[in-house]
Every structure is written in C-alpha cells, then in structure tokens.
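# Structural description and commentary
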Amino acid sequence: MTTSLFTYLIIILFGLVLGSFLNVVILRFDELRTIIKVRSHCPKCKKNLAWYDLIPFFSYVILAGRCRKCKKSISIQYPLVEAGTAVILVLLYWQFGLTFQFAALAIVSALLVIIFVYDILHLLVADILIYLGLFVWFVFLLIQYGLIDANPSAIFNSLLGGAILGGFLGLMVLVSREKWMGKGDIALGALLGTIVGFPNVILAGLLSFVLGSILGVLLILSKKKSLKDKVPFAPFLIIATWISLFFSSQIISWYWSSIF
C-alpha cells in the first residue's frame with residue numbers, strides 16, 4: 001500500500017512538472033527556440049520569474065493567481081494544464097500500470113494536451129504534433145503487438161479504429177466543405193481512433209459530438225456564441241477519447257443495464 005501511494009505521488013509530481021513544460025510549449029509554439037533562449041517571465045510586466053515562482057501549480061496557489069511584482073492576474077491556463085496533466089498520468093497508471101503502453105500513452109497524451117489548449121486559443125490544430133503522436137503509437141504497436149506479444153488482432157483493431165473515426169470526420173469535412181470542421185480534425189481523428197481502437201472508437205465518436213452539442217447549446221443560450229461562430233472541435237474529440245480510454249467498460253455496462 002505504501003509503495004503504491006508513493007508511486008502515485010511521484011506520478012502526480014511528474015505530471016505537474018510536465019504540465020508546466022507543456023504550458024511553455026503551448027505559449028511559445030510558434031517560436032520554440034525561445035524555450036531555451038528566453039527565461040520564464042510575467043507576460044504583463046515582462047519581469048523574469050524567480051525559481052520559487054515557477055513551482056508547478058503550487059506557486060499559482062501561493063500567489064493567489066497574481067504576479068508577485070506587478071500584481072496583475074496570471075492566466076488560469078497554467079494551473080489547469082498542470083493539474084490536468086497530472087490527473088491524466090494518474091489515470092493512465094491506474095489503468096495500465098508502469099508498462100510500455102503507459103509510456104506510449106503518456107507521450108501521446110502530452111501531445112494531446114498541447115493540441116487541446118492550442119486549438120482553444122487559436123482555433124488551429126497543430127498537424128506536426130498529430131503526426132508525431134501517430135509515429136509514437138505505431139512504434140508502440142509494432143513493438144508491443146508485433147514483436148513482444150505477437151497479437152495481430154490488437155494491431156488490426158487499433159488501425160480500424162483510426163480508419164473509422166478519421167474516415168467519418170473526413171466525410172463530414174467533405175460534405176460540409178470545411179464549414180463543420182477543418183482538415184486537421186481528420187488526422188486527429190485517425191490518431192485518437194487508433195488509441196482507443198475498435199469498438200471503443202464508436203463510443204469516443206458519439207461522446208465527442210454529444211459533448212460538443214451540449215457546450216454549443218450552452219454557449220448560444222448564454223449569448224457568448226452564435227450559430228455562425230466557430231467552436232474548436234479538437235478538445236471534444238480529445239476529452240471523449242480520454243473518457244473512452246479510461247471508462248469505456250463502465251459506461252457500456254451502465255448503458256446496457258439501464259436498458260435491460
């Protein structure tokens with residue numbers, strides 16, 4: 001029990017640190033070279049931050065969400081990304097343990113966090129991150145199910161999941177002429193579909209549209225968005241994928257038990 005709790009603590013701390021790094025990548029994605037060359041600083045007063053103001057999540061809480069020097073508010077994005085990354089890693093460990101699959105999914109999930117936030121901020125899907133995620137996952141499939149376990153059906157189900165979700169989103173892009181979603185969502189759908197595989201990809205696809213519809217209606221009712229405004233779809237796809245990855249069996253069991 002003590003060892004398990006210690007492992008969870010280490011994963012949480014690592015997740016917070018990783019989330020802090022992902023925040024830097026998100027904010028400097030268009031100029032990645034500045035990650036090394038430019039020190040972390042307050043975006044408002046431009047003053048460099050001391051090490052004790054860069055402790056992931058905890059510095060934000062201690063400073064009450066304000067810069068120590070200029071007292072202006074710090075974006076809530078920082079603690080949310082850090083805490084969210086930690087939660088995702090904890091769930092991955094809970095589901096898969098310290099395995100090769102955990103490592104592959106942790107890398108892909110880190111890329112998905114960047115895609116998630118970047119799409120919210122800029123309404124753009126970073127294709128290079130999707131291709132990197134596909135590369136990581138295909139390497140995992142090749143090593144895990146091609147060499148170690150020799151399980152061709154697992155590879156097939158993964159690729160089928162990617163073909164189903166990517167193909168469906170591609171059809172929607174074609175029919176709507178990119179009015180409903182962009183071409184970047186096709187590659188993202190292929191990546192997410194391969195992660196959850198078949199048949200869980202069906203649940204992930206349905207959940208993404210349900211979540212998107214609910215938020216869309218709420219935004220319209222609150223008059224923050226209109227029917228003509230664009231809403232990023234990548235976050236819904238990613239959230240639905242994580243839900244399906246961690247809780248698909250529970251959701252499906254609950255669904256069938258509620259019917260019969």
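Residues numbered from 1 in each chain as written. Predicted model: local features only at pLDDT ≥ 70, side-chain atom pairs only at ≥ 80, totals over all residues. Heavy atoms only, no water.

For any two helices packed against each other, the geometry comes down to the angle between their axes and how far apart the axes lie. Their axes nearest at 8 Å, the elements helix α9 (residues 200-221) and helix α10 (residues 234-259) cross at an angle of 125°. Compared by their axis directions, α9 and α10 come out oblique. Relative to α10, α9 is oriented so that their crossing is right-handed. Residues Asn200, Leu203, Ala204, Leu207, Ser208, Leu211, Gly212 and Leu215 of α9 pack against Phe236, Leu237, Ile239, Ala240, Thr241, Ile243, Ser244, Ser248, Ile251 and Ile252 of α10. Of the residues assigned to the contact of α9 with α10, the class counts are 12 nonpolar, six polar and no charged. (Axes fitted to C-alpha atoms, helices over the stretch in contact; angles between N-to-C directions. Helix = DSSP H or I, 4+ residues; strand = E, 2+ residues; numbered from the N terminus. Parallel < 35°, antiparallel > 145°, perpendicular 65-115°, else oblique. Left-handed = near helix turned anticlockwise from the far one by under 90°. Contact = heavy atoms within 4.5 Å. Nonpolar A, V, L, I, M, F, W, Y, C, P; charged D, E, K, R; others polar.)

Further remarks concern a nonpolar patch on the surface. Where nonpolar side chains cluster on the molecular surface, the patch consists of Phe6, Leu9, Ile10, Leu13, Trp51, Tyr52, Ile55, Phe58 and Ile62 and spans about 980 Å² of accessible area. Contributing elements (two or more residues each) for the nonpolar patch: α1 (2-27) and α3 (58-62). No other element matches α1, which puts four residues into the nonpolar patch. Position of Ile62 among the secondary structure elements: in helix α3. (Patch = residues over 30% accessible without salt bridge, like charges linked within 9 Å, V, L, I, M, F, W, Y side chains within 5 Å. Areas by Shrake-Rupley, 256 points an atom, 1.4 Å probe, with all protein chains shown as cover. Salt bridge = Lys/Arg side-chain N within 4 Å of Asp/Glu carboxyl O.)

A separate point is the packing of aromatic side chains. Under the counting rule described, the total for this entry stands at 12 aromatic pairs. Residues Trp94 and Phe247 carry aromatic rings whose centres are separated by 5.9 Å and whose planes lie at 40° to one another, so their mutual orientation is tilted. Placement of Trp94 in helix α4 (residues 77-96) and of Phe247 in helix α10 is noted, with a sequence separation of 153 residues between them. Among the aromatic residues, those joined into a cluster by ring pairs are Phe100, Trp137, Phe140 and Tyr145. (Phe/Tyr/Trp six-rings, centres within 6.5 Å; stacked < 30°, edge-to-face > 60°.)

On to helix α5 (residues 100-122). Between the first and last C-alpha of α5 there are 33 Å, a value that for 23 residues agrees with the 33 Å anticipated at 1.5 Å per step. The positive-phi residue at the C-terminal boundary of α5 is Leu123, with phi of around 55°. (Expected span 1.5 Å × (residues − 1).)

With an omega of 10°, the peptide bond between Phe198 and Pro199 qualifies as cis. With respect to the helices and strands, the residue Pro199 is situated in the loop between α8 (184-196) and α9. Notably, Phe57 is not glycine yet its phi reads approximately 65°, a positive angle. Residue placement: Phe57 occurs in the loop between α2 (34-37) and α3.

Right, let's get into helix α7 (residues 152-176). With 25 residues, α7 extends 36 Å between its outermost C-alpha atoms, agreeing within 8% with the 36 Å of an ideal straight helix rising 1.5 Å per residue. Of the surrounding secondary structure, the elements contacted by the buried residues of α7 are α6 (127-148), α8, α9 and α10. Arg177 sits one or two residues past α7 and shows a positive phi near 55°.

Moving on: the pattern of salt bridges. Going through the model one piece at a time under the given rule, you end up with one salt bridge. Across the salt bridge formed by Asp53 and Arg68, the nearest N and O atoms sit 2.8 Å from each other. Of the two residues, Asp53 sits in the loop between α2 and α3 while Arg68 sits in the loop between α3 and α4, which places them 15 residues apart along the sequence.

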